[in-house]
Amino acid sequence: MEVLYTTTGTANGGRDGRAAISDGSLDVTLTAPKELGGPGGDGTNPEQLFACGYSACFLGAMQFAGGQAGIKVPSETQVTAKVSLGKRDDGQGFAIGVDLSVDLPGVERAEAERLVEAAHVVCPYSYATQGNIDVTTTLA
């Protein structure tokens with residue numbers, strides 16, 4: 001891999017602690033959700049951070065792929081990532097699943113489908129998760 005960018009994040013306290021980026025641009029309180037036995041509340045959790053990262057990255061990948069294919073991605077485009085955490089089928093731990101919902105207003109369906117397929121090829125989140133977790137994509 002030819003490295004183009006590197007960032008460093010550090011967490012302490014696990015799901016009930018803090019996570020921060022070394023340059024100070026992000027510093028969040030982590031709070032385990034009630035569904036996982038935590039207190040819930042105002043903090044965030046790793047699944048929420050993953051949902052934000054994947055949705056933003058996938059939208060960027062669509063913009064990149066659209067530029068390569070000559071398909072304009074409207075500024076109103078939205079990608080929503082619904083991230084679920086559950087027990088693995090083998091009982092050995094936990095797994096996540098992702099449902100991506102893509103809203104490409106004004107883009108005809110065939111072009112939108114091509115764009116989503118191309119984005120899955122170039123998006124590093126899609127590449128990293130391919131074959132590791134269930135990812136579904138729905139065009140809104």
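Residues numbered from 1 in each chain as written. Predicted model: local features only at pLDDT ≥ 70, side-chain atom pairs only at ≥ 80, totals over all residues. Heavy atoms only, no water.

- The name given to the chain in an unreviewed UniProt entry is Organic hydroperoxide resistance protein, with the source organism recorded as Spiribacter curvatus.

## Some details on the nonpolar core
Right, on to step 1. If you look at the biggest cluster of nonpolar residues, it comprises 24 residues, and the most contacted ones within it are Phe58, Met62, Val102 and Leu104.
Right, on to step 2. Those elements giving two or more residues to this core turn out to be helix H1 (46-69), strand E4 (78-87), strand E5 (94-103) and helix H2 (109-122).
Right, on to step 3. It is H1 that provides the largest number of residues to this core, a total of 7 residues.
Right, on to step 4. Ignoring sequence-local partners within four residues, the contact set of Phe58 consists of Val79, Leu100, Val102, Val116, Ala119, His120, Cys123 and Ser126. (Core = buried A, V, L, I, M, F, W, Y, C linked by side-chain atoms within 4.5 Å. Buried < 20%, exposed > 50% of the residue type's maximum accessible area, 1.4 Å probe, protein only. Helix = DSSP H or I, 4+ residues; strand = E, 2+ residues; numbered from the N terminus. Contact = heavy atoms within 4.5 Å.)

## Side note on the layout of surface pockets
Right, on to step 1. A volume near 190 Å³ is recorded for the largest pocket.
Right, on to step 2. Lining of the largest pocket is provided by 13 residues; of these, Ala11, Ala19, Val28, Leu30 and Leu49 occupy positions nearest its centre.
Right, on to step 3. Only strand E1 (9-12), strand E2 (18-21) and H1 provide two or more residues apiece to the lining of the largest pocket.
Right, on to step 4. Its residues assigned to classes, the lining of the largest pocket shows 9 nonpolar, 3 polar and 1 charged. (1 Å grid on protein atoms, 1.4 Å probe; cavity = no way out; pocket = protein on both sides within 12 Å on 5 of 7 lines; lining within 4 Å. Points joined across faces, edges and corners; volume = space filled by probe spheres on them. Nonpolar A, V, L, I, M, F, W, Y, C, P; charged D, E, K, R; others polar.)

## Comments concerning a nonpolar patch on the surface
Right, on to step 1. On the surface, a nonpolar cluster with roughly 290 Å² of combined accessible area is contributed by Leu36, Leu85 and Phe94.
Right, on to step 2. Take Leu36: it is sitting in the loop between strand E3 (27-29) and H1.
Right, on to step 3. Overall, Leu36 belongs to the partly exposed group, its relative accessible area being 41%. (Patch = residues over 30% accessible without salt bridge, like charges linked within 9 Å, V, L, I, M, F, W, Y side chains within 5 Å. Areas by Shrake-Rupley, 256 points an atom, 1.4 Å probe, with all protein chains shown as cover. Salt bridge = Lys/Arg side-chain N within 4 Å of Asp/Glu carboxyl O.)

## Things to note about the pattern of salt bridges
Oppositely charged side chains are able to pair whenever their charged atoms sit close together.
Right, on to step 1. For the coordinates displayed, the defined rule picks out 4 salt bridges.
Right, on to step 2. A salt bridge links Arg109 to Glu113; the shortest N-O distance between them is 3.3 Å. Of the two residues, Arg109 and Glu113 both sit in helix H2, 4 residues apart, roughly one turn of that helix.

## Some words on the domain arrangement of the chain
Right, on to step 1. Taken domain by domain, the chain consists of domain 1 (1-44) and domain 2 (46-139).
Right, on to step 2. Using only C-alpha atoms to locate each centre, domain 1 and domain 2 end up separated by 21 Å.
Right, on to step 3. Counting from both sides, the interface comprises 6 residues of domain 1 and, opposite them, 5 residues of domain 2.
Right, on to step 4. Counting the surface lost from both domain 1 and domain 2, the interface buries some 480 Å², and carbon and sulfur atoms represent 62% of this.
Right, on to step 5. When the buried area of domain 1 at its contact with domain 2 is split by residue, Arg15, Leu36 and Thr44 rank highest and sum to 74% of it.
Right, on to step 6. At the surface where domain 1 touches domain 2, the tally comes to 1 salt bridge.
Right, on to step 7. Among the salt bridges present, the one from Glu47 reaches Arg15, with a minimum N-O distance of 2.6 Å.
Right, on to step 8. For the pair domain 1 and domain 2, the interface holds 2 residue pairs in polar contact (both at pLDDT 80 or more). (Domains from an automatic or database assignment. Buried area = accessible area lost by both parts, 1.4 Å probe. Polar contact = N/O pair within 3.5 Å; in protein donor to acceptor, adjacent residues only side chain to side chain.)

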